[in-house]
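Examination of the molecular architecture
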Amino acid sequence: MAQETADAVVIGGGVMGCSIAYQLAKRGFGRIILCERDGIASGSTGGSSALIRMHYSNKSTIQMAWRSLLAFEEFEEYSEGGQAGFMQTGYLVLADASLRDGVKKNVELAQSLGVETRWIEREDISRYAPWAQLGDVVGAAYEPRSGYADPHGVTSGFGEGAKKSGARIRQNCPVIGVNFDNRGQARVETSRDVIETPVVVNASGAWVNKVAALSGHRFPAEAIREQDTVFDAVGRDGERVEIVVYDGPTRLYFRPEGRDLLLIGRDNIEPEYVDPDNFNKKEDMEFVLDVLERMQRRWPDFENAKLFRGWGCLYCITPDWMPILDFHPEIPGYFICTGMSGHGFKLAPAVGEMMAELIMTGSCEEPDISDYRLTRFDEGDLMQSVFGTGFQG
């Protein structure tokens, strides 16, 4: 089998892997090879609802989301030619009485970090959501610069940008072996060749532990099945949803999909653990009916909506539903970027920058990458959210 050398091998061609490869190549780290078993954005990224927002409960996550928003707003320049398809619709987080204090606390924290967001009272929500029935809602967080983008366009933009800086993007190139020696060097065996490298980045998403197992490792991250739907939804008087919404009381998130369509998903109330190589990629009718029932609570006219399509896709979750961004404590050249738990797309530009900084310098202090260290689970120092686990909006 042919032999090659590289300064870093990135495993996984989703938005995270491509963002990391782009940042390493752009910063002149050396010869970068990205290996993707199928096609770019063919895994979790391709099924993403691609929301962009800053509403989080932790300082570092807000900083990552804000930093990423600035990249999405200028994505063509940021990625050296990519097209993000960013639709800056604005974003609402609807809160009932039980969520009010937590959502307000998040808004205050975000404002202290420079994020353009504010709390609005119930009577002001109709300005952005005139179709909404707000009987159980007391107010909302509003982010005017948030929205959604094109996950394929963003991932391809990072991949093409990486290639312009000399990286090699290998599609249909599964990794079938990873071995580390006592000098910190790795042998990455692919379906085509063997690559000698001092740096391996496992950014394989829901397949993280299938890749980890190749070198006898396992990380605290699991693949689960997520579902999304798209409905043809127009109100009786022609009303349309024209903003991205996370509805705390119903636990739905939704956004426009073109003019008359609405993409809708739901928080993971009961995670469905799956084998990423063997799971149902279609929507369940039970899920569709549940979405219909929940959505009608907020928008009574939704009873006339028609299902346009639906799908099952993959998330990779950790015990606190926040990412792992770290190097292996026993193998400094083995880096892990996984467990995005539904947050990943909106954080991807910042994650690429942070991981590149970690790989090149050994740390990243702003945003503080140590919040996402692998050891936090053994330490019992899990990250917290005002929404609890399973929040994806």
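First things first, this report covers the structure right here in the doc. For clarity, every value in this text was computed on a predicted model and none was experimentally measured.

Turning next to helix H6 (residues 151-164). With 14 residues, H6 extends 20 Å from end C-alpha to end C-alpha; this agrees with the ideal 20 Å at 1.5 Å per step. Along H6, the residues classified as buried are Pro-151, Gly-153, Val-154, Thr-155, Gly-157, Phe-158, Gly-159, Gly-161 and Ala-162. Each element contacted by the buried residues of H6 is listed here: helix H1 (15-26), helix H2 (59-73), helix H3 (75-78), strand E9 (168-170) and helix H9 (344-361). Where H6 begins, the side chain of Asp-150 points an oxygen toward the backbone nitrogen of His-152, at a separation of 3.1 Å. Phi turns positive one or two residues past the end of H6, at Gly-166, with a value near 100°.

The full count for this structure, using the stated rule, is 33 salt bridges. Between Asp-260 and Arg-259 there is a salt bridge; the shortest N-O distance is 3.9 Å. Residue classification places Asp-260 among the partly exposed positions, given a relative accessible area of 28%. One salt-bridge network, in which partners are shared between bridges, spans Glu-4, Arg-31, Arg-168, Arg-170 and Asp-193.

Once that is clear, we can look at the sheet that holds strand E3 (residues 32-35). Spatially, 6 strands are ordered E9-E3-E2-E13-E21-E20 in an open sheet, and the strand pairing comes out mixed. Two strands in the sheet have a free side with no partner beyond their single neighbour: E9 and strand E20 (324-327). Direction aside, neighbouring strands of the sheet carry axes that sit 15° apart on average. Sheet topology note: the strand E2 (residues 8-11)/strand E13 (residues 200-202) ladder contains 3 bridges and is parallel. The residue of E13 that forms the bridge with Val-10 is Val-201.

On to the packing of aromatic side chains. The full count for this structure, using the stated rule, is 16 aromatic pairs. Residues Tyr-22 and Phe-158 carry aromatic rings whose centres are separated by 5.9 Å and whose planes lie at 35° to one another, so their mutual orientation is tilted. Of this pair, Tyr-22 sits in helix H1 while Phe-158 is found in helix H6, placing the two residues 136 residues apart along the sequence. Ring plane angle 65° and centroid distance 5.1 Å describe the contact between Phe-231 and Phe-302, whose orientation is recorded as edge-to-face.

Conventions adopted
- Residues numbered from 1 in each chain as written.
- Predicted model: local features only at pLDDT ≥ 70, side-chain atom pairs only at ≥ 80, totals over all residues.
- Heavy atoms only, no water.
- Helix = DSSP H or I, 4+ residues; strand = E, 2+ residues; numbered from the N terminus.
- Expected span 1.5 Å × (residues − 1).
- Buried < 20%, exposed > 50% of the residue type's maximum accessible area, 1.4 Å probe, protein only.
- Contact = heavy atoms within 4.5 Å.
- Polar contact = N/O pair within 3.5 Å; in protein donor to acceptor, adjacent residues only side chain to side chain.
- Salt bridge = Lys/Arg side-chain N within 4 Å of Asp/Glu carboxyl O.
- Pairing = 2+ DSSP bridges.
- Axes fitted to C-alpha atoms, helices over the stretch in contact; angles between N-to-C directions.
- Phe/Tyr/Trp six-rings, centres within 6.5 Å; stacked < 30°, edge-to-face > 60°.

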